[in-house]
Amino acid sequence: VLYVKNKIPEDPNQDANCRYKALLQEYVKEYGVRFVIDLHGSSSGRPYKVDVGIINVRAGKNSCPTYLNIIQKAFAGFQKPLFNQVFPAKGDGTITSYCRNKLGIEAAQFEINSAYRVLPGTAVRQDETHILELISRMVRMIYEIQEKIDACPPSGNPA
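A short tour of the structure in this document, coming up. (Residues numbered from 1 in each chain as written. Predicted model: local features only at pLDDT ≥ 70, side-chain atom pairs only at ≥ 80, totals over all residues. Heavy atoms only, no water.)

**Quick word on the environment of phenylalanine 78**
Inspection of the secondary structure puts phenylalanine 78 in the loop between helix H2 (68–74) and helix H3 (95–103). Taking the C-alpha atoms as reference points, phenylalanine 78 and arginine 137, 59 residues apart in sequence, are found 8.9 Å from one another. Every residue in contact with phenylalanine 78, bar those within four places of it in the chain, is listed here: Lys49, Val50, Tyr116, Glu133, Leu134 and Arg137. (Helix = DSSP H or I, 4+ residues; strand = E, 2+ residues; numbered from the N terminus. Contact = heavy atoms within 4.5 Å.)

Here you go:
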């Protein structure tokens, strides 16, 4: 897990060159990372439960062709549409684009609506079952992606 703990002057999801991306590149090389989940939170006013940014929905143009079906399967019946609703992650500075175009690995940006990530007892009260359902789907997706990674040898840039 790599995350920004405090507010910093750089924006890892906008700035082309920043410390976060340099560290991400280091980790990808050192640990053989093959898929990045770029996890974000959004406000409850957004028209989705989760928005998965994959740059482009067309085959061969998206940021996670190897794992797209796993993501779709994990979120089947949860919400339609699932991909590129508000945040397609296609800007040059996004982590998803950086992973695909610069690091040669697959990635997706997950925007999670606050109704599915703010726990009860905090400032914003939400239905705990929504949060548990999302976590369950994310865990299932991560396990299946890891199984696929373990079963396949490394490949080149998906771009």
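Still to come is the rest of the account.
**Quick look at the pairing of strand E3 (residues 106–113)**
Within E3, eight of the eight residues are buried, leaving the element largely enclosed by the surrounding structure. The two faces of E3 match: Glu106, Ala108, Phe110 and Ile112 on one face and Ala107, Gln109, Glu111 and Asn113 on the other face are all buried. In the sheet, strand E2 (residues 50–53) pairs with E3 via four bridges, with the strands oriented antiparallel. Each residue of the ladder has a partner; that of valine 52, found in E3, is phenylalanine 110. (Buried < 20%, exposed > 50% of the residue type's maximum accessible area, 1.4 Å probe, protein only. Pairing = 2+ DSSP bridges.)

As far as function goes, none of this settles anything; it's purely spatial.
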